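Each chain, written out:
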Amino acid sequence: IAWTPCALCLEPAVFFCFTSVEMRVNIGIVGAPVDLGADRRGVDMGASAIRYAGLEAALRAAGHTVRDFGNVPVEIAESTESGGHALKYLGPIVGMADRLADCVSDILVSECLPLILGGDHSVSLGSVAGVARHKRIGIIWMDAHGDYNTGDTSPSGNIHGMVLSALAGHGHPKLVNIGGISPKVDPRNVVLVGVRELDDGERSLLRATGAHVLSMNSVDRRGMARAMEEAIERAGAGADGIHLSLDLDVVDPFQAPGVGTPVYGGLTYRETHFAMELVAESQRLLSMDVVEVNPVLDNHNETARLAMEFILSALGKRII
């Protein structure tokens, strides 16, 4: 049992919450400081920002054991070529994802739960590949965007918007075959939560493949409890467990300003916190990545602190 700062007020040392720990986990942290998948620079510093917010100390205070595996090597835009408009930085991103998949696999072998800190959402290519070597997984994808484009449908050519479709077996072979497994997830075990911006091509592919979309309209109508219960049930059906991919732009930018691709009308802090609590209660979590924190656009590391709080909730932190 420990006294910890309450993130609801975003004013450290003003209010405190009494927190009890209901689960203790061996956690392996790895960072993937990549911003090649997106147009806007800065998310490569996201892993450092979340660590700086006090992640490891908070996890230990909550009763978890923690080992930080450092960062996987990632090329920077200044040292490499984009390679064309359709699939920007394909080679460096595939290299990063392969290295990350190996590290995540090692974390699992060491009997730790992989916690991956991004970086843009291309990080999940490696996160999921590493877990899929060992487990049959479902995915809960919390994001303002679908990330279900391919090189043929993407208006921008940014690979962070093609990740989920590649994990489900669609798109460029180099993306699809990362980690030597394809597909890494059955699309029927894919649930997107909090989506509020889709391109026409990814909308069509989502419908065709059977992935389930709980848009903000769905969350508003159902409420977060019913929406997340449905997400956990669908993602976990027939799977060994769930990979949770949390893009901080799922939260409304009024509360999470430090993200690369903000979209208004997102989840509140409380809704996101509650969603994480429900994931923890399910006891189905196998791995988690947290992506798209951009300290360049943030306000006093506010978004990174939110990311830390959401991680703690997904790993069992409770008010009482």
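Each remark here, short or long, concerns the structure printed above.
Below you will find a few notes about this structure. All chains use their own residue numbering, which begins from 1 and follows the written sequence. Totals for whole chains, interfaces and linings use every residue, but because this is a predicted model, local features are given only for residues with pLDDT of at least 70 and side-chain atom pairs only at 80 or more, for both listing and counting. Calculation of side-chain values draws on the structure's entire complement of heavy atoms; hydrogens and water are dropped beforehand.

Topic: the environment of V66
Inference 1: For the purposes of this entry, the term helix denotes a DSSP run of H or I that reaches at least four residues, the term strand denotes a run of E that reaches at least two, and both are numbered from the N terminus. When you line up the elements, V66 lands in strand β4 (residues 65-71).
Inference 2: Residues V66 and V25 lie 41 residues apart in sequence; the distance between their C-alpha atoms is 8.4 Å.
Inference 3: Apart from residues lying up to four places away in sequence, V66 is in contact with I27, I29, E56, L59 and R60. Contacts: residue pairs with any heavy atoms within 4.5 Å of one another.

Observations concerning a nonpolar patch on the surface
Inference 1: Residues enter patches when they are more than 30% accessible in relative terms and free of salt bridges; like-charged ones are connected within 9 Å and nonpolar ones (Val, Leu, Ile, Met, Phe, Trp, Tyr) within 5 Å. Using the Shrake-Rupley algorithm and a 1.4 Å probe, accessible areas are obtained, with residue cover drawn only from the displayed protein chains. Salt bridges, as used here, are contacts in which a Lys or Arg side-chain nitrogen is within 4 Å of a carboxyl oxygen on Asp or Glu. A grouping of M45, V296 and L297 is seen on the molecular surface, where their side chains present a nonpolar patch of about 250 Å² in accessible area.
Inference 2: Mapped onto the elements of the fold, L297 is located in the loop between β10 (285-291) and α11 (302-314).

A look at the packing of aromatic side chains
Inference 1: Pairing of aromatic rings covers Phe, Tyr and Trp, the last counted by its six-membered ring, and requires centre-to-centre distances within 6.5 Å; plane angles under 30 degrees mean stacked, over 60 mean edge-to-face, and any other angle means tilted. Taken as a whole, this structure holds two aromatic pairs when the rule is applied.
Inference 2: Between F254 and Y264 the ring centres are 5.4 Å apart and the planes differ by 45 degrees, which places this aromatic pair in the tilted class. With a gap of ten residues between them, F254 in the loop between β9 (241-247) and α10 (269-282) and Y264 in the loop between β9 and α10 connect regions that are remote in the sequence.
Inference 3: A simple rule labels every residue: compare its accessible area, found with a 1.4 Å probe on the protein chains alone, to the largest value its type can have, and call it buried under 20%, exposed over 50%, or partly exposed in between. Taking relative accessible area as the criterion, F254 reaches 69% and is therefore assigned exposed.

Some points on the pairing of strand β8 (residues 212-215)
Inference 1: By the alternation rule, side chains of β8 split into H212 and L214, which are all buried, and V213 and S215, of which none is buried.
Inference 2: Strand direction decides the pairing type here: strand β7 (residues 190-195) and β8, joined by four bridges, are parallel. Residue pairing for β8: V193 is matched across the bridge by L214.
Inference 3: With the strands aimed away from the viewer, a crossover counts as right-handed if its path from the first strand over the helix to the second runs clockwise. Read from β7 through helix α7 (residues 200-209) to β8, the crossover connection turns out right-handed. By this definition, two strands are paired if DSSP reports at least two bridges between them.

Remarks on the pairing of strand β5 (residues 113-118)
Successive residues of a regular strand alternate their side chains across the two faces of the sheet.
Inference 1: Counting buried residues along β5, six of its six residues qualify, which places the element largely inside the surrounding structure.
Inference 2: In β5, alternate side chains face the same way, and those of L113, L115 and L117 on one face and P114, I116 and G118 on the other are all buried.
Inference 3: Relative to β5, strand β3 (residues 26-32) runs parallel, the two being bridged by six bridges. From the neighbouring strand, V30 faces β5, where its bridge partner is I116.
Inference 4: The pairing of β5 with β10 spans three bridges and is classified as parallel. Each bridged residue has a counterpart across the sheet, and for I116 the counterpart in β10 is D289.

A word on helix α9 (residues 224-236)
Inference 1: One less than the residue count of a helix, multiplied by 1.5 Å, gives the span that helix is expected to have. Under the 1.5 Å per step criterion, the end-to-end length of α9 is 18 Å for 13 residues, consistent within 8% with the ideal 18 Å.
Inference 2: Within α9 the residues assigned to the buried category are M224, A227, M228, E230, A231, I232, A235 and G236.
Inference 3: Elements that come into contact with the buried residues of α9 comprise β6 (137-142), β7, β8, α8 (216-222), β9 and α10.
Inference 4: Directly after α9, the chain includes G238, whose backbone phi takes a positive value near 75 degrees.

Points about the sheet that holds β5
Inference 1: Ordered by their spatial adjacency, eight strands build an open sheet running β4-β3-β5-β10-β9-β6-β7-β8, and the pairing between neighbours is parallel. Each edge of the open sheet carries a strand with a single partner, namely β4 and β8. Averaged over all adjacent pairs, the angle separating strand axes in this sheet is 15 degrees, with direction ignored.
Inference 2: Orientation is described by axes fitted as lines to C-alpha atoms, over the contacting stretch for helices, and by angles from 0 to 180 degrees between their N-to-C directions. The strands touched by α11 within the sheet are β5, β9 and β10, with β10 carrying the most contacts at an inclination of about 175 degrees.

Quick notes on the side chain of H64
Inference 1: Among the secondary structure elements, H64 is positioned in the loop between α2 (55-61) and β4.
Inference 2: Its relative accessible area of 5% is what places H64 among the buried residues.
Inference 3: The definition of a polar contact used here is a pair of N or O atoms within 3.5 Å, where within protein one atom must be able to donate a hydrogen and the other to accept one, and adjacent residues in sequence count solely through side-chain atom pairs. A distance of 3.0 Å separates the side chain of H64 from the backbone nitrogen of V25, its partner in a polar contact.
Inference 4: Engagement of the side chain of H64 in a polar contact is seen with the backbone oxygen of L315, the distance being 3.2 Å.
Inference 5: Excluding anything up to four places from it in sequence, H64 contacts M23, R24, V25, I27, L59 and L315.

What about the nonpolar core?
Inference 1: In terms of nonpolar packing, the biggest core is built from 54 residues, with L59, L115, I140, M142 and I311 touching the most fellow members.
Inference 2: The biggest single contributor to this core is α11, with eight residues.
Inference 3: Each residue touching L59, except ones within four places of it in the same chain, is listed here: I27, I29, H64, V66, L115, I311, L312 and L315.
Inference 4: Core analysis: the second largest hydrophobic core is formed by 48 residues, V123, W141, M162 and V185 among them. Among buried residues, the Ala, Val, Leu, Ile, Met, Phe, Trp, Tyr and Cys ones that are joined through side-chain atoms within 4.5 Å form a nonpolar core.

Brief notes about the environment of L100
Inference 1: Mapped onto the elements, L100 comes out in helix α3 (residues 90-109).
Inference 2: Looking at L100, the relative accessible area reads 0%, which means it is buried.
Inference 3: Sequence separation between L100 and P73 is 27 residues; the distance between their C-alpha atoms is 8.8 Å.

Some words on α3
Inference 1: Taking 1.5 Å of rise per residue, 20 residues should cover 28 Å, and α3 covers 29 Å from first to last C-alpha, within 8% of that figure.
Inference 2: Backbone geometry just after α3 places E111 at a positive phi near 65 degrees.

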